[in-house]
Amino acid sequence: MDKIVIEGGKRLNGTIAVNGAKNAALPLQCAVLLADGVCTFRRVPRLSDIETMNRLLQSLGCDIAGEQTLTIDPRGVNEGPLEAAYDLVKTMRASVTVMGPLLARYGRAKVSLPGGCAIGARPIDQHLRGLEALGADIELSHGYVHAQARRLRGAQFVFDTITVGGTQNVMMAAALAKGSTRLENVAREPEVQELALVLNKMGAKIDGAGTPVIEIEGVDHLRGVEHVILPDRIEAGTFMVAAAITRGNVLLEHAPLDHMHAVVTKLEEAGVECRAEGHGIRVIGPDRLTPIDVSTQPHPGFPTDMQAQIMVLATVAHGQSTIIETIFENRFMHVPELCRMGAQIHVNANTAVVRGPTHYGGTTVMATDLRASASLVLAGLVARGKTEIRRVYHLDRGYEAIDVRLRELGAEIQRYHGARG
Ligand code: EPU
């Protein structure tokens, strides 16, 4: 297994281009299953999650070529097993998002139940209830969801919980259903809006994405599409924190400011200068950071996917910060590792009280999930001495070549291949 070693204490300076968004690309890959023709996506990030989704699509019969420009031909799917097997779903929960498209386009789907994961229980009850509302017949047996429907029909459905994947799954299914669908209490994330935009380019009739209610007029066919993937607001936010805590000065090209108000607001409260420049954001870290209080919320609130990273910023700020995680029940796994590096964080249920400033000391730490790993990299950038991060495959799920890109900004960071641990 690879490891990353960081010699902390360098200011980050320069320009970095933000990649296409993982969480926008993954549902778009699934949306191809709805199409009658070839789909081409550009600015696709090179990440292991994207490869996992490609493997799943190939197992369903899709023909796939390219990487950053990704071409997916779904025309071989019709005779396939229409099954998302456990081995793929357990490595990446976003695999369940093939269920809606398969059901709508081919009338059936067999998808492994994902089970829990490192950050929480993460049930898919809302995906299933939404598909049932559209007329799907759903059975759970032997760890799999078996879904069937001759033709889905439009319906009104209110989500009990705001769910990004659930909204995407049901919206895709409704795009090919007969008649009109009204989905209420939907997720408003930019990645939901992006999916609706692309489905509409394919011929769907979807209205309201980005608001709490989405209305869909079902159509009979969707065609292939070409699309450039939206920039990744979480990758951008992670690099913004890196610039902020190292007292750096970094221009993030393509950073999607419109989707990042909650993060920018918190950085500014902490004393970080963030300003629009060209097609991006310039971030200038202050000499002294001010504490902040953050509570994660569905979009447009502060994203849970930035909670671990903003916590590192809070640890180096002068004073006491409070960080509340409201989306996932077990998303503080970075805390014990940050504490081993010197942070003072006290967790009670879903609230972390952070006392700063921490003068981090480098040591060996273990990555546990994607965003937790990013927080360890950030702590390593400001730590005295060497930080060695093990299990970096978690990072590879969501950050393309993070070592190379941080090195270009002046960080002393190396990746070693094949290290044990
Ligand atoms: N939930 C339910 N029932 C459901 C679905 C969700 O109770 O049927 C709960 C979950 O357990 C969770 C909350 O609702 O507590 C929100 O989950 P959501 O369904 O919104 O999450 P997701 O679609 O599985 C996506 C991102 C995550 C991100 C969340 C929240 C993708 C591929 N993943 O997951 O990204 O944290 O939305 O914004 O889009 C990451 O990139 O590191 C990551 C984990």
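Conventions adopted
Residues numbered from 1 in each chain as written. Predicted model: local features only at pLDDT ≥ 70, side-chain atom pairs only at ≥ 80, totals over all residues. Heavy atoms only, no water. Helix = DSSP H or I, 4+ residues; strand = E, 2+ residues; numbered from the N terminus. Rg over C-alpha atoms; globule rule 2.2 N^0.38 Å. Contact = heavy atoms within 4.5 Å. Areas by Shrake-Rupley, 256 points an atom, 1.4 Å probe, with all protein chains shown as cover. Lys, Arg positive; Asp, Glu negative; His and termini not counted. Charge placed at Lys NZ, Arg CZ, Asp CG, Glu CD. Domains from an automatic or database assignment. Buried area = accessible area lost by both parts, 1.4 Å probe. Salt bridge = Lys/Arg side-chain N within 4 Å of Asp/Glu carboxyl O. Polar contact = N/O pair within 3.5 Å; in protein donor to acceptor, adjacent residues only side chain to side chain. Pairing = 2+ DSSP bridges. Axes fitted to C-alpha atoms, helices over the stretch in contact; angles between N-to-C directions. Parallel < 35°, antiparallel > 145°, perpendicular 65-115°, else oblique. Nonpolar A, V, L, I, M, F, W, Y, C, P; charged D, E, K, R; others polar. Phe/Tyr/Trp six-rings, centres within 6.5 Å; stacked < 30°, edge-to-face > 60°. Buried < 20%, exposed > 50% of the residue type's maximum accessible area, 1.4 Å probe, protein only. Lys NZ or Arg CZ within 6 Å of the ring centre and 35° of its normal.

Novice: Could you give an account of the overall build of the protein, naming the residues involved and the relevant values?
Specialist: If you tally the helices and strands in the protein, you get 14 helices and 24 strands. Taken over C-alpha atoms, the radius of gyration comes to 21 Å for the protein, in line with the 22 Å a tight globule of 421 residues would show. Dimensions of the protein along its principal axes, counting C-alpha atoms only, are 60 × 45 × 40 Å. In the protein, the share of contacts with a sequence separation of at least 24, taken over all contacts with a separation of at least 6, comes to 74%. Within the structure as shown, the protein displays about 16,400 Å² of accessible surface, and the carbon and sulfur contribution to it stands at 46%. Side chains of the protein carry 44 positive and 46 negative charges; the gap between the two charge centres is 3 Å.

Novice: Could you give an account of the domain arrangement of the protein, naming the residues involved and the relevant values?
Specialist: As assigned here, the protein comprises domain 1 (3-19 + 231-416) and domain 2 (22-228). Computed over C-alpha atoms, the centres of domain 1 and domain 2 are 31 Å apart. Contacts between the two partners involve 26 residues from domain 1 and, on the opposite side, 21 residues from domain 2. Interface area, domain 1 with domain 2, both sides summed: about 1,900 Å², of which 50% is carbon and sulfur. When the area that domain 1 buries against domain 2 is broken down by residue, the three leading residues are H299, R397 and E400, summing to 33%. Salt-bridge contacts for R233 lead to E191; the nearest nitrogen and oxygen are separated by 2.8 Å. At the boundary of domain 1 and domain 2, one finds ten residue pairs in polar contact (both at pLDDT 80 or more). Counting only elements with at least two residues in the side of domain 1 that touches domain 2, the list comes to helix 12 (370-382) and helix 13 (393-396).

Novice: Could you give an account of the sheet that holds strand 7 (residues 108-112), naming the residues involved and the relevant values?
Specialist: Note: strands within a sheet are paired through backbone hydrogen bonds, in either parallel or antiparallel orientation. Read from one edge of the open sheet, four strands run 6-7-9-8, paired in mixed fashion. One side of each edge strand has no neighbouring strand; the edge strands of this open sheet are strand 6 (83-84) and strand 8 (137-141). Summarising the sheet, strand 7 and strand 9 (residues 144-148) pair through five bridges and their orientation is antiparallel. Each bridged residue has a counterpart across the sheet, and for A109 the counterpart in strand 9 is A147.

Novice: So what's going on with the packing of helix 1 (residues 22-31) against helix 2 (residues 48-59)? Which residues, and what values?
Specialist: It is the contact of helix 1 with helix 2, at a shortest axis distance of 10 Å, that shows an interaxial angle of 5°. Here helix 1 is positioned roughly parallel relative to helix 2, judged by the angle of their axes. Contact residues: K22, A25, L26, Q29 and C30 in helix 1; D49, I50, M53, N54 and L57 in helix 2. Of the residues belonging to the contact of helix 1 with helix 2, the class tally is six nonpolar, two polar and two charged.

Novice: Lay out the packing of aromatic side chains in plain terms, naming residues and giving numbers.
Specialist: Tallying each qualifying case throughout the model produces one aromatic pair. Aromatic side chains F157 and F159 sit 4.9 Å apart centroid to centroid with 80° between the ring planes, which places their arrangement in the edge-to-face category. Across this residue pair, the class does not change: F157 and F159 are buried. One Lys or Arg, K3, reaches over the ring of Y416 and ends 5.9 Å from the middle of that ring. In this arrangement the basic side chain of K110 is found over the ring face of Y144, its NZ or CZ atom lying 4.7 Å from the centre.

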